[in-house]
Each structure stands twice: as structure tokens, then as C-alpha cells.
Amino acid sequence: MSGHAFDVMIPYYGDVPLLQAAVRSVQAQDGDDWHLTVVDDGAEPGVPEWFAALGDPRVSYLRNPRNLGVTGNFNRCVQLAQAPHVVLMGCDDLMLPGYLRTVRRALRRSPEATMVQPGVQVVDAAGRPSSSLVDTAKRWVYAPAGIRTVPALLGGEDLAVSLLRGNWLYFPSVCWRTEALRRHPFRADLGVIQDLAVVVDLLLDGGQLATDPEVCFRYRRHAVSASAAQAVTGARFDEARRFFRGTAARLAAHGWPRAARAAHHHWSSRLHALTLLPSAAPAPRPMAALLHHAVSRAPEAGG
């Protein structure tokens with residue numbers, strides 16, 4: 001085991017300047033109990049050289065010999081982590097200087113927590129504060145009201161119901177207990193909803209979530225472009241329906257009927273499909289996939 005308490009892992013693929021900004025935001029963290037590792041799943045030129053010139057012993061850089069894909073790189077990051085706690089930070093997100101200080105405080109308050117969700121500010125592609133419909137719903141509809149102002153420790157069926165009605169977590173900002181993620185790796189059969197799947201696994205295993213309202217992380221949400229909407233396929237929403245159907249059956253067998261019903265109906269996933277319709281309007285096939293997901297009758301759990 002390493003001598004530090006936190007591994008910050010950045011599974012990287014994409015924009016080089018945004019990655020560099022993310023790295024600098026981690027370097028600005030206080031304390032000497034953390035280490036940053038960037039795991040590069042791409043082949044952008046100049047990236048290894050930039051890290052070699054960085055000269056910071058707190059920062060490591062690895063490039064995968066072959067592309068592992070999103071889920072594969074998540075799992076590689078978890079396997080590489082050595083500290084008791086790990087953050088899988090988005091390569092285009094930013095830690096504010098107090099991020100680790102806030103997480104340390106939450107863990108002192110709730111040392112039994114499996115996950116820590118601190119306060120998050122959402123920004124757009126240019127880094128400006130943003131307030132999309134999705135994020136407004138996360139904050140004011142799906143998340144428990146109390147966590148906006150006071151720390152909390154949540155778990156069990158109540159938390160499962162809350163998250164399956166609408167996943168209000170910001171995955172790249174969450175700090176995880178490393179050994180728990182090793183027991184419940186990201187599923188290779190999921191390409192979009194694997195973060196919620198892991199949280200459900202952890203909750204069924206008795207995991208708990210500590211929250212702290214201190215805003216200390218900037219999550220970058222990119223606008224849904226017409227080209228992105230056209231990339232929406234039936235397979236993507238088939239995955240979501242398959243996940244919710246299987247999860248409803250598991251939760252029912254576990255004795256969590258309210259959570260099973262929340263998974264069965266998956267209302268927020270349906271509403272999300274509806275919000276994509278305006279951007280998908282020029283493309284009939286994506287529109288049909290979105291409508292099918294939004295209005296189709298959910299199969300009964302186990303059916």
C-alpha cells in the first residue's frame with residue numbers, strides 16, 4: 001500500500017488543453033497525501049512530452065499500449081490505484097483548491113462511507129457557469145433537499161430509490177473507497193450507464209454515501225449538438241432498458257420493493273430522452289429511438 005491517502009486518476013481521451021487544465025487543478029490541492037496518475041487511452045501527439053517536462057513527482061503519466069475504451073480504462077485506473085481512496089476525475093473537469101480538504105472533512109465525519117459526493121458547480125464547454133434542465137432536475141427534484149445545506153450520510157433502499165428516480169451524483173467528482181470499487185468493477189457490457197450500475201452494486205453490498213455541500217469541483221457539461229444527437233442509437237437506449245430491467249429484478253430479490261419500482265419505471269431516463277428530441281429532429285432514426293425509450297411500456301421486473 002502506498003503512503004498517500006488519495007489517488008486521483010484521470011482516464012484520458014480527448015482535448016489536450018482541457019487535460020492540462022485538469023492536471024493543474026489537481027496540482028493546486030493542499031496536503032501531501034495524494035498522487036495524480038493520468039492514464040492515456042489515446043494517441044494525441046505531444047502529451048507524453050508535456051508530462052515529462054512537468055517535473056512534478058506527485059504526477060504520473062501512463063499511455064495504454066492499446067485503446068481500452070471508456071469502461072476498460074476506468075477499470076485499469078482502479079487497478080492501478082494504491083491509496084485507500086480514489087477519484088476517477090474527468091479529463092475536462094476541474095478541482096477547486098478545496099476539493100481534497102472537503103473530502104477529508106467528510107471522511108473524518110463519516111469514516112465508514114464508501115463514497116463521498118461534495119458540492120459541484122456545473123460549467124459549460126467554455127468554463128462558464130451553466131444551468132441545464134438536467135442539472136436543475138438533479139439539484140431540485142432528484143437530490144434529497146437537505147444535502148444542499150448540511151452534510152449527510154445516506155445509504156440503503158432510500159438512497160437507491162433516490163438515485164434510480166434520477167441519478168443526481170456527479171460521477172467524476174465522487175471519491176470512492178478503492179477496495180470497494182475493486183470488488184465491484186465497471187461492467188464491460190455497459191457503455192453509458194456504468195457509473196449508476198457500480199453505485200447500485202455498492203449499495204446492495206452495504207455501501208454508504210457521505211455528502212458535503214461545499215462546492216469544490218467544476219463539472220464540465222458540453223452542449224448536446226445536432227451531430228451528437230444524431231449519434232444516439234437504439235442500442236444506447238436498449239442498454240438503459242436492459243440495465244433498469246435487470247436492476248429491478250435484483251432489487252426485488254434483495255427485498256427492496258420501492259427501489260425495484262423506481263428502476264422499473266426509470267422516469268428520469270425517459271425524460272432525458274425527451275430532452276434530446278429537439279436536437280435529433282432532423283434525423284428520423286434517432287428521433288424514433290428517443291421516442292421509443294421515452295414512451296414504451298417498461299417490462300415487469302424479472303419479465
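An account of the accompanying structure is given in this report. (Residues numbered from 1 in each chain as written. Predicted model: local features only at pLDDT ≥ 70, side-chain atom pairs only at ≥ 80, totals over all residues. Heavy atoms only, no water.)

Attention shifts here to the overall build of the protein chain. The number of helices and strands found in the protein chain is 14 helices and 9 strands. A compact globule built from 303 residues would reach a C-alpha radius of gyration of about 19 Å, and the protein chain, at 19 Å, matches this within 12%. When the backbone C-alpha atoms are referred to their principal axes, the protein chain occupies close to 55 × 45 × 35 Å. Here the protein chain, with 303 residues, has 51% of them falling under the buried criterion. (Helix = DSSP H or I, 4+ residues; strand = E, 2+ residues; numbered from the N terminus. Rg over C-alpha atoms; globule rule 2.2 N^0.38 Å. Buried < 20%, exposed > 50% of the residue type's maximum accessible area, 1.4 Å probe, protein only.)

Another aspect to go through is the nonpolar core. With 48 residues, the main nonpolar core has L88, L164, W168 and W176 as its most contacted residues. Only α3 (69–80), β4 (85–88), α5 (133–142), α6 (156–165), α7 (178–183), α8 (194–204), α10 (234–254) and α11 (257–265) provide two or more residues apiece to this core. Broken down by element, this core gets its largest block of residues, 8 residues, from α8. Ignoring anything within four residues of it in the chain, the contact list for W168 reads K138, Y142, A143, P144, I147, L154, L159, S162, L163, L209 and T211. Within the second largest apolar cluster, 34 residues are counted, among which are V8, W34, A106 and Y170. (Core = buried A, V, L, I, M, F, W, Y, C linked by side-chain atoms within 4.5 Å. Contact = heavy atoms within 4.5 Å.)

Of the residues making up α11, those classed as buried are A259, A260, A262, A263 and H264. Where α11 terminates, the next one or two residues include H266, which has phi positive at roughly 35°.

This brings us to the pattern of salt bridges. Inspection of the entire model under this criterion finds 16 salt bridges. Put simply, R104 and D30 hold a salt bridge, and the shortest N to O gap is 2.9 Å. You can see R104 sitting in helix α4 (residues 99–109) and its partner D30 sitting in the loop between α1 (16–27) and β2 (34–40), a full 74 residues away along the chain. According to the relative accessible area criterion, R104 is buried, its value standing at 16%. Between R183 and E179 there is a salt bridge, with its nearest N and O atoms 2.2 Å apart. Taken together, the residues R183 and E179, both in helix α7 and 4 residues apart, mark about one turn of the helix. Assessed through its relative accessible area of 39%, E179 is described here as partly exposed. Here the residues in one salt-bridge network are D30, D33, R101 and R104, joined through shared partners. (Salt bridge = Lys/Arg side-chain N within 4 Å of Asp/Glu carboxyl O.)

Another point: the layout of surface pockets. Of the pockets and cavities examined, the second largest pocket occupies roughly 480 Å³. Around the second largest pocket, the lining comprises 23 residues; the ones closest to its centre are G119, V120, R139, R148 and Y170. For the lining of the second largest pocket, the elements supplying multiple residues, two or more each, are β6 (115–123), α5 and β9 (208–220). Considering every element that reaches the lining of the second largest pocket, the biggest residue donor is β6, with 6 residues. Among the residues making up the lining of the second largest pocket, the classes are represented as 11 nonpolar, 7 polar and 5 charged. (1 Å grid on protein atoms, 1.4 Å probe; cavity = no way out; pocket = protein on both sides within 12 Å on 5 of 7 lines; lining within 4 Å. Points joined across faces, edges and corners; volume = space filled by probe spheres on them. Nonpolar A, V, L, I, M, F, W, Y, C, P; charged D, E, K, R; others polar.)

Let us look at empty space enclosed by the protein. Scanning the model with the defined rule gives 2 cavities of 30 Å³ or more in all. Volume-wise, the second largest cavity comes out at about 30 Å³. Looking at the lining of the second largest cavity residue by residue, the classes come out as 4 nonpolar, 1 polar and 1 charged.

A separate point is the packing of α6 against α8. Remark: α6 packs on α8, axes separated minimally by 10 Å, with the N-to-C direction vectors making an angle of 170°. The orientation of α6 with respect to α8, classified from their angle, is roughly antiparallel. Facing α6, whose interface residues are L159, A160, L163 and L164, α8 presents L196, V199, V200 and L203. A class-by-class count of the residues in the contact of α6 with α8 yields 8 nonpolar, no polar and no charged. (Axes fitted to C-alpha atoms, helices over the stretch in contact; angles between N-to-C directions. Parallel < 35°, antiparallel > 145°, perpendicular 65-115°, else oblique.)

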